[in-house]
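Secondary and tertiary structure notes
Chain by chain, the residues run as shown.
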Amino acid sequence: MATATTTTDERALAELQRDHGPALFGFLLGLTYGDQQRAEDLVQETLVRAWLHPEAFDGPYESMRPWLFTVARRLAIDARRSRLARPTEIGDGVLAATPDPADATESAVAALDVRAAVRELSPEHRAVLVRLYFHGLTVNEAAADLGIPAGTVKSRSHYALRQLGRYLPGYRPRRGGVARSRAAAAQ
């Protein structure tokens, strides 16, 4: 099938695409989690590899399909690793909605909102949050300062953060928040 040149004969490549292209596309569609564009790109890249390696046509196997699927799988793995190594790309819409860090107005408004929300908390919950988040104390340090058990500090901070979430639209406490990570560091 391969010619004496360094690339595969065009007729052989067209036959390869006709015979194995749909199956290769379906295989790659599964590997790309249904991303048709990425699967099509990988099919093309696989066929380019077949074009560049005419010796693969002279292999001891009856069908080129195992060779094609192996090449395609490796290309899909390499593409995925490459995407995961790069930071996630974001669209212009996210950038347009992000406040300008040089604009002090946004941070001042946020600070006023937080202060108003903290004032709405019970004195016990407010005292815990002030020590943990504003003074930077660990759970054990806050417990000693307030004269209450560390478990009570954790419980109050949990419920206080939930309450703040109701007062501050768009606020969501992080999993394993500051109180938990500092508690683990103190023990």
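Further up the page is the structure itself.
None of the values given here were measured: they were computed from a predicted structure.

A few points about the environment of Arg131
Within the element layout of this structure, Arg131 appears in helix H6 (residues 123-134). Once residues lying within four places of it in the same chain are set aside, the contact partners of Arg131 are Gly136, Leu137, Ala142, Asp145 and Leu146. A polar contact of 2.6 Å, which involves the side chain of Arg131, links it to the side chain of Asp145.

Describing the pattern of salt bridges
When charged atoms on two side chains of opposite charge get close, those side chains can pair. Enumeration according to the criterion identifies four salt bridges in this entry. A salt bridge links Glu45 to Arg49; the nearest nitrogen and oxygen atoms lie 3.1 Å apart. Of this pair, Glu45 and Arg49 are both found in helix H2 (residues 36-52), four residues apart, which corresponds to roughly one turn of the helix. Judged by its relative accessible area of 31%, Glu45 falls in the partly exposed class. Between Arg131 and Asp145 there is a salt bridge, and its shortest N-O distance comes to 2.6 Å. Pair noted here: Arg131 is in helix H6 and Asp145 is in helix H7 (residues 139-146), with a separation of 14 residues, a long-range link. The exposure class assigned to Asp145 is partly exposed, which follows from its relative accessible area of 49%.

Thoughts on the nonpolar core
Of all hydrophobic cores here, the largest spans 20 residues; its most connected members are Leu16, Leu24, Leu28, Ala50, Met64, Trp67 and Leu68. For this core, the secondary-structure elements that each account for two or more residues are helix H1 (10-31), H2 and helix H3 (65-85). Top element by residues in this core is H3. It accounts for seven residues. Among all residues touching Leu68, those that are not within four sequence positions of it are Leu16, His20, Leu24, Thr46 and Ala50.

The rules behind the values
Residues numbered from 1 in each chain as written. Predicted model: local features only at pLDDT ≥ 70, side-chain atom pairs only at ≥ 80, totals over all residues. Heavy atoms only, no water. Helix = DSSP H or I, 4+ residues; strand = E, 2+ residues; numbered from the N terminus. Contact = heavy atoms within 4.5 Å. Polar contact = N/O pair within 3.5 Å; in protein donor to acceptor, adjacent residues only side chain to side chain. Salt bridge = Lys/Arg side-chain N within 4 Å of Asp/Glu carboxyl O. Buried < 20%, exposed > 50% of the residue type's maximum accessible area, 1.4 Å probe, protein only. Core = buried A, V, L, I, M, F, W, Y, C linked by side-chain atoms within 4.5 Å.

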